[in-house]
Protein chains: 2
Amino acid sequence: MAQRLSEDLKSSGIHPTQQRLSVFQTLTESKGHLSAEEIHGLVKSKTPRIGLATIYRTLHALKEKGLVEEHRFNDEFSRYEAKPAKHHDHLICIECGKVVEFDQPVIEQLQVAAARDNHFSIVSHRLEIYGICETCQKRRAEESSLRL
Amino acid sequence: MAQRLSEDLKSSGIHPTQQRLSVFQTLTESKGHLSAEEIHGLVKSKTPRIGLATIYRTLHALKEKGLVEEHRFNDEFSRYEAKPAKHHDHLICIECGKVVEFDQPVIEQLQVAAARDNHFSIVSHRLEIYGICETCQKRRAEESSLRL
DNA sequence: ATGAATGCAAACGCTTTGCATCGTC
DNA sequence: GACGATGCAAAGCGTTTGCATTCAT
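The rules behind each value
- Residues numbered from 1 in each chain as written.
- Chains lettered and ligands numbered in written order.
- Predicted model: local features only at pLDDT ≥ 70, side-chain atom pairs only at ≥ 80, totals over all residues.
- Heavy atoms only, no water.
- Helix = DSSP H or I, 4+ residues; strand = E, 2+ residues; numbered from the N terminus.
- Expected span 1.5 Å × (residues − 1).
- Buried < 20%, exposed > 50% of the residue type's maximum accessible area, 1.4 Å probe, protein only.
- Arc of directions from axis to C-beta.
- Contact = heavy atoms within 4.5 Å.
- Near = heavy atom within 4 Å.
- Polar contact = N/O pair within 3.5 Å; in protein donor to acceptor, adjacent residues only side chain to side chain.
- Nonpolar A, V, L, I, M, F, W, Y, C, P; charged D, E, K, R; others polar.
- Core = buried A, V, L, I, M, F, W, Y, C linked by side-chain atoms within 4.5 Å.
- Pairing = 2+ DSSP bridges.
- UniProt positions renumbered as here; feature names shortened; annotations may be inferred.
- Axes fitted to C-alpha atoms, helices over the stretch in contact; angles between N-to-C directions.
- Salt bridge = Lys/Arg side-chain N within 4 Å of Asp/Glu carboxyl O.

The next subject is helix H4 (residues 52-64) of chain A. Residues and elements named next belong to chain A. For H4, built from 13 residues, the straight-helix expectation of 18 Å at 1.5 Å per residue is met to within 8% by its first-to-last C-alpha distance of 18 Å. Those residues of H4 not exposed but buried are Ile55, Thr58, Leu59 and Leu62. Buried residues of H4, seen end-on, are gathered within an arc of 100° and therefore sit on one face of the element. For H4, the exposed residues lying more than 90 degrees away from the buried face are Arg57 and Glu64. Among the structural elements, helix H1 (2-11), helix H2 (18-30), helix H3 (36-43), strand E2 (68-71) and strand E3 (79-82) are those in contact with the buried residues of H4. Once H4 ends, the next one or two residues include Gly66, with phi positive near 85°.

This part is about the protein's contact with DNA strand D. Around DNA strand D, a shell composed of 17 residues is seen, among which Tyr56 of chain A together with Thr17, Arg49, Ile50 and Thr54 of chain B lie nearest. Across the atoms of DNA strand D situated within 4 Å of the protein, the share located in sugar and phosphate is 81%. Contact distances for DNA strand D include 2.9 Å between a phosphate oxygen and a side-chain N or O atom of His60 of chain A. Note that a phosphate oxygen of DNA strand D is positioned 2.7 Å from one of the side-chain N or O atoms of Thr17 of chain B. Every element with two or more residues in the surface near DNA strand D is listed here: H4 of chain A together with helix H2 (18-30) and helix H4 (52-64) of chain B. It is H4 of chain A that provides the largest number of residues to the surface near DNA strand D, a total of 4 residues. Classifying every residue of the surface near DNA strand D gives 6 nonpolar, 7 polar and 4 charged.

One finds Leu91, Phe102 and Phe120 of chain A together with Leu91, Phe102 and Phe120 of chain B to be the most contacted residues of the largest nonpolar core, which totals 28 residues. At the level of secondary structure, the elements contributing two or more residues to this core comprise strand E4 (89-93), strand E5 (99-102), helix H5 (106-117) and strand E6 (121-132) of chain A together with strand E4 (89-93), strand E5 (99-102), helix H5 (105-117) and strand E6 (121-132) of chain B. The residues contacting Leu91 of chain B, other than those within four sequence positions of it, are Ala114, Ala115, Asn118 and Phe120 of chain A together with Lys98, Val99, Val100, Phe102 and Ile129 of chain B. Within the second largest apolar cluster, 18 residues are counted, among which are Leu9, Val23, Phe24 and Leu34 of chain A.

It is worth spelling out the environment of Lys63 of chain A at this point. Residues and elements named next belong to chain A. Tracing the chain through its elements places Lys63 in helix H4. Sequence spacing of Lys63 and Ala82 is 19 residues, and the spatial spacing of their C-alpha atoms is 9.1 Å. With near-sequence residues (within four places) excluded, Lys63 lies in contact with Val68 and Glu70.

Let us look at the sheet that holds strand E2 (residues 68-71) of chain B. All names here are of chain B. One open sheet holds the 3 strands; their spatial order is E1-E3-E2, and the pairing between them is antiparallel. Every other strand in the sheet has two partners, leaving strand E1 (34-35) and E2 as the edge strands with one partner each. Both E2 and strand E3 (residues 79-82) contribute to a ladder of 4 bridges, which runs antiparallel. When the sheet's bridge partners are listed, His71 is paired in E3 with Arg79.

This next bit is on the UniProt feature "binding site: Zn(2+)" (unreviewed entry) in chain A. In the numbering adopted here, UniProt assigns the feature "binding site: Zn(2+)" (unreviewed entry) to Cys93, Cys96, Cys133 and Cys136 of chain A. Spanning 44 residues, the named residues form one tight spatial group whose C-alpha atoms are at most 8.4 Å apart. Note that Cys93 of chain A resides in strand E4. Those residues in contact with Cys93 of chain A that sit more than four places away from it in its chain are Lys98, Gly131, Ile132, Cys133 and Cys136 of chain A together with Phe120 of chain B. Within the secondary structure, Cys136 of chain A is located in helix H6 (residues 134-147). Residue Cys136 of chain A is classed as buried on the basis of its relative accessible area of 3%. The residues touching Cys136 of chain A, leaving out its near neighbours within four places in the chain, are Cys93, Glu95 and Cys96 of chain A.

Attention shifts here to the sheet that holds E5 of chain A. Ordered by their spatial adjacency, 6 strands build an open sheet running E5(A)-E4(A)-E6(A)-E6(B)-E4(B)-E5(B), and the pairing between neighbours is mixed. Unpaired on one side and paired on the other, E5 of chain A together with E5 of chain B mark the two borders of the sheet. Averaged over all pairs of adjacent strands, the angle between strand axes in this sheet comes to 25°, irrespective of strand direction. Bridge count between E4 of chain A and E5 of chain A: 4 bridges; the pairing is antiparallel. The partner of Ile92 of chain A across the bridge, within E5 of chain A, is Val99 of chain A.

With that out of the way, let us pick up the interface of chain A and chain B. Each side of the interface is counted separately: chain A has 35 residues, and chain B has 35 residues. Linking chain A with chain B are 3 salt bridges. Measuring nitrogen to oxygen at the nearest pair gives 3.1 Å for the salt bridge that ties Arg126 of chain B to Asp75 of chain A. At the junction of chain A and chain B, the tally comes to 14 residue pairs in polar contact (both at pLDDT 80 or more). Of all the elements in the fold, those that place two or more residues in the side of chain A that touches chain B are E4, E5, H5, E6 and H6 of chain A.

See below:
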């Protein structure tokens, strides 16, 4: 696994140091959307002396090379995820912060139409749907029934 | 105009002070996507002694009451716009930063499908398409032909 | 030995907050 | 006079940067 990731870094022109490998591996394994601080916490178990600055510098490099994506759901601080094989969009629960990935290929076509009408050449897009997840809906329902 | 805006504030439960009116009016007239600093600069011509803190406090209040929307295009600092009558999405030029609004009603239906599959109840959504606008495309073309 | 990578702490930029002052009813 | 609104300056917070040190070659 680590060997494979090391190759990925090398082939992207990133020198695979121990720290960088830890960051990339953590992000790849977690499959989540982690903040820099969260990554720092996790990576320290593998590489205890690593500093937050290295996390940020590594994330920038990985992002630059397209190995990692940066998001700012809810306009909070940045969260990072290992770049998935194919693009997907996100459902975000505004109550508990849970993020669910989905993809909806038709959107790719719709956006083309909007861009063409405005003479834009598309580079990327971002679709985020904010709502309340099933768990939070249930909890809300229970809470309100208790109140009666 | 100012009278009308004053009524809007009052009916939203916001006490329409001189400063708040200036901020709201500036945002309504500009029709753009302004940063807090830009708003501050513009508002000072109407209300010279206003501080940046008041801008932020007012924007929060307006946002809370649904009169203003906050965006973070390109993961930059926040930009604000007076809430439009109907929801629209944004095309953002990654080269010059220009923002074009568009709406694509079909997207509303697509997102419902995605949310339903994941048992989410939708509160809002955000679709941003990043690309290169016509002007920047032309400039690029000229630059590259000059280089030959 | 040389240049890249790192840790630490200081700096940064946008935003928020504490507090004394001001304005309004 | 009371209370909310404001300006100012300081603090906060995520992120970036300068610099001395460490690491790899």
